[in-house]
Amino acid sequence: MIPQRLLQAIPELLQPLNMEGPWTIEKLHGYGSRRSYFRLKLPQTSLVLMLLPENGPSSLAEQNTQTAKPIHTLPFVDVANYLAERHVRVPTIHGHDAL
């Protein structure tokens with residue numbers, strides 16, 4: 001089952017990418033965290049969407065992370081940026097609606 005909050009967010013997520021048209025979505029199987037992943041199929045491409053849990057951390061590592069600094073970016077975005085700056089090929093993060 002696809003969560004309603006994800007279905008409602010898809011048009012807004014696609015708008016800045018100038019993507020539209022009929023789309024389908026399917027849940028991808030993944031393990032190791034409380035995150036959920038979905039493949040969004042569009043006529044011109046497909047995207048992988050990640051849905052964070054509504055309440056609480058998505059993994060034990062995030063639960064155990066403590067810092068006095070304010071958090072402005074999600075950890076997975078920081079890691080992707082860090083790797084990309086070092087010329088490691090990582091998936092493009094087109095956007096997110098958290099924080």
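For the structure, check the block above.
Read on for an overview of the structure. Computed from a predicted structure; not experimentally measured.

Definitions and cut-offs
Residues numbered from 1 in each chain as written. Predicted model: local features only at pLDDT ≥ 70, side-chain atom pairs only at ≥ 80, totals over all residues. Heavy atoms only, no water. Pairing = 2+ DSSP bridges. Helix = DSSP H or I, 4+ residues; strand = E, 2+ residues; numbered from the N terminus. Axes fitted to C-alpha atoms, helices over the stretch in contact; angles between N-to-C directions. Buried < 20%, exposed > 50% of the residue type's maximum accessible area, 1.4 Å probe, protein only. Contact = heavy atoms within 4.5 Å.

## Considering the sheet that holds strand S2 (residues 36-41)
Inference 1: Within the open sheet, the 3 strands sit side by side as S1-S2-S3. Their pairing is antiparallel. Each of the sheet's edge strands pairs with one partner strand only, and the pair in question is strand S1 (24-28) and strand S3 (46-51). Along the sheet, successive strands turn relative to each other by an average axial angle of 25 degrees, direction set aside.
Inference 2: As paired elements, S2 and S3 share 6 bridges and run antiparallel to each other. Its bridge partner lying in S3, Leu-40 is registered against Leu-47.

## Observations regarding the environment of Ile-10
Inference 1: Examined against the element boundaries, Ile-10 turns out to sit in helix H1 (residues 4-14).
Inference 2: On the basis of relative accessible area, Ile-10 is assigned to the buried category, the value being 0%.
Inference 3: Along the chain, Ile-10 and Leu-49 lie 39 residues apart, while their C-alpha atoms are 9.3 Å from each other.
Inference 4: In contact with Ile-10, other than residues within four places in its own chain, are Trp-23, Ile-25, Leu-40 and Leu-49.

All quantities given are derived from atomic positions and should not be read as evidence of function.
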